[in-house]
Amino acid sequence: MESSKTPSEMSRRQFLGTVGKLGGGAAVFSVMGTLGLLSPETLKAADYEPPDKNELSMSGRGGKKIVILGAGIAGMTAAYELGQAGFDCTILEARARSGGRIWSVRRGTTVAEIGGAKQVARFSDGMYLNAGPMRIPQFHVTMEYIRKFGIPIEPFNNVNDHAYYYNENVGELSGKKVRKREAKADVRGYVSELMAKAVNQNALDMPLTADEKEKLVAYLRSEGGLDADLFYKGSSRGGYKDEPGARLDAGVIRDPFSMKAILNSGFGNYLSSEYSYDQQMMMFHPVGGIDAIPMAFEKRLKGKIRFHSEVSEIKQSEKGVAVTYRNLATGEYQNVEGDYCICTIPLPVLKKIKADFSPDMKNAIESVGYASAGKIGLQFKRRFWEEDEQIYGGNTLTNMDISSIYYPPTGYMQKKGLLLGYYAFGGNADKLGGMTFQEREAHALNQGAKIHPQYHKEFEASFSVDWKKIKYNEGGWVGYSGDQRKTVYPTLCKPDRRVYLAGEHISYVTAWMAGGIESARAVVTDISQRVMKE
């Protein structure tokens, strides 16, 4: 080899390119295996490198045809990356739009849920509801494409301690809206007090030295805002009943709720939701709506997406895959063929499509369930949560059916605003989803008014979504049990002859756009390597 550089001194792509020039595609594949570059770790976002068009042409396999089912984030990621490598991709999409669950509802948006009446969004111009994904953790691979495509983004303030907790049937604090900071200060204060006293009284069965116990108590005193005698008596962390002001006005710190009241309230159960790995700040969202992401992909896939194309059959042979679809605009059935197929159709929909999958694949597809999830967007003529209650973004949590209220993380100080009146899961989502959209609106307003009395006076328009009743989705996101991850999930991850599955359901990043992207890139790598071996 002429180059004096070693693989560690040059980029992976440069090194493999040099190998390819000398030995062809087979040599590249062999070296990749020797260097361990075909391991699952290479599929991680930080290590992912799209297939090189020159490498594929060296193997004589460039220009292979790939049929992709679904123009959601997974399908479009696969088409974009494969297209960069010289593959010929065709995407079949049943809807008139791209994005799948990445959907921004605006004025004029219409939908008829399965078994339901047509709903028309009557939001004012500039108002929108992100009916599916609405935020992006800063470390997700989604940010890579946002940067690559130049999509403007802004912060999504996922946490706001000036918002509320509101629970019913929980004792002394039932039916009272409590600022999050108040509840958090009291929960941490009382728990820290109990632990600190237990440590001092040697009541904890822990192998700690005297010095270590002293350090633990010092931490608990700081964490809980305890006094010198290890009692929690409230602190400024929980806010003031009289705000501090100018000159000699030091303010008056609020009195904490009683330990019994705060424990019975259940508010402490909400705290961990902000600690979970994918809910920690900072988070972001595209300016103007989440659909800026699929629109950016679509712009780069001109002529590759066939809209109004409802897949009816997937059939394989030794040489390729044939997909039959119905053109919803004309009613005609048409066929498209490819060397391989990438199917991103959600499993509840895919199991209804005729396909010659293996028995194991069919069983895996049919056995997996999807989560219940629903949202409602409520437009108000006045941003009372900002004007009256100084809440700018974040959410209020409750044990009522509506579960949560999310305040808009954009458009601050504008006259009108659109907040997320509920984001419900599980049984609450099923209860709300079983209502008509008019009943959902009334229910969301009635329950929300317990927290914000301004609701009824300021309300203008709504639009709601029950994802289990949205055609071509029939669920919010995949819901694997621990056992299914060990049994049917590995089957779904493997190609069924010439058909590969992709989507958030083929990942451990379920319910996030990143899951669809990661799975698509894994399939892109698999197909590229397979082509190079042929």
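Residues numbered from 1 in each chain as written. Predicted model: local features only at pLDDT ≥ 70, side-chain atom pairs only at ≥ 80, totals over all residues. Heavy atoms only, no water.

### What to know about the confidence of the model for the protein chain
A residue-level look at the protein chain finds 90% of positions with pLDDT of 70 or above and a mean pLDDT of 92. Every residue in residues 1-10 scores below 50 in pLDDT, and together they form nine contacts with partners more than four places removed in sequence or on other chains. Counted against residues more than four places away or in other chains, residues 17-43, with its pLDDT under 50, gives 41 contacts. (pLDDT = per-residue confidence, 0-100. Contact = heavy atoms within 4.5 Å.)

### Some remarks on the pattern of salt bridges
Close approach of charged atoms allows side chains with opposite charge to pair. By the definition in use, this model includes 29 salt bridges. Notably, a salt bridge pairs Glu274 with Lys184, separated by 2.5 Å at the nearest N-O pair. You can see Glu274 sitting in the loop between helix H8 (268-271) and strand S13 (283-286) and its partner Lys184 sitting in helix H5 (residues 180-200), a full 90 residues away along the chain. No difference in accessibility class separates Glu274 from Lys184, as the two residues are buried. Here Asp227 ties to Lys233 by a salt bridge, and the two come within 3.4 Å at their closest N and O atoms. Of the residues examined, Asp227 reaches a relative accessible area of 23% and is grouped as partly exposed. You can call Lys233 exposed: its relative accessible area is 59%. (Salt bridge = Lys/Arg side-chain N within 4 Å of Asp/Glu carboxyl O. Helix = DSSP H or I, 4+ residues; strand = E, 2+ residues; numbered from the N terminus. Buried < 20%, exposed > 50% of the residue type's maximum accessible area, 1.4 Å probe, protein only.)

### Quick look at the pairing of strand S1 (residues 65-69)
Burial within S1 is extensive, with four of its five residues counted as buried. Of the pairings in the sheet, the one linking S1 to strand S2 (residues 88-92) comprises five bridges and is parallel in character. Counted as the bridge partner of Ile66 is Cys89 from S2. Across four bridges, S1 lies against strand S18 (residues 340-343) in parallel orientation. (Pairing = 2+ DSSP bridges.)

### Here we look at the state of the cysteines
Tallied over the full model, the rule gives zero disulfides. Of all cysteine sulfurs in the structure, the one in Cys341 sits closest to Cys89, which takes part in no disulfide; the separation is 11 Å. Residue classification places Cys89 among the buried positions, given a relative accessible area of 3%. In this structure Cys343 is not part of a disulfide, and its nearest cysteine sulfur, from Cys341, lies 5.8 Å away. With a relative accessible area of 0%, Cys343 lands in the buried category. (Disulfide = S-S within 2.5 Å.)

### What about the nonpolar core?
Core analysis: the largest hydrophobic core is formed by 45 residues, its most contacted members being Ile66, Phe87, Ile293, Ile342 and Ile527. When residues of this core are assigned to their parent elements, the largest contribution, nine residues, is made by helix H18 (residues 513-533). What Ile66 contacts, discounting residues up to four positions off in sequence, is Leu82, Phe87, Asp88, Cys89, Thr90, Tyr340, Ile342 and Ile527. Core analysis: the next-biggest nonpolar cluster, separate from the first, contains 31 residues, Leu69, Val311, Val336 and Val368 among them. (Core = buried A, V, L, I, M, F, W, Y, C linked by side-chain atoms within 4.5 Å.)

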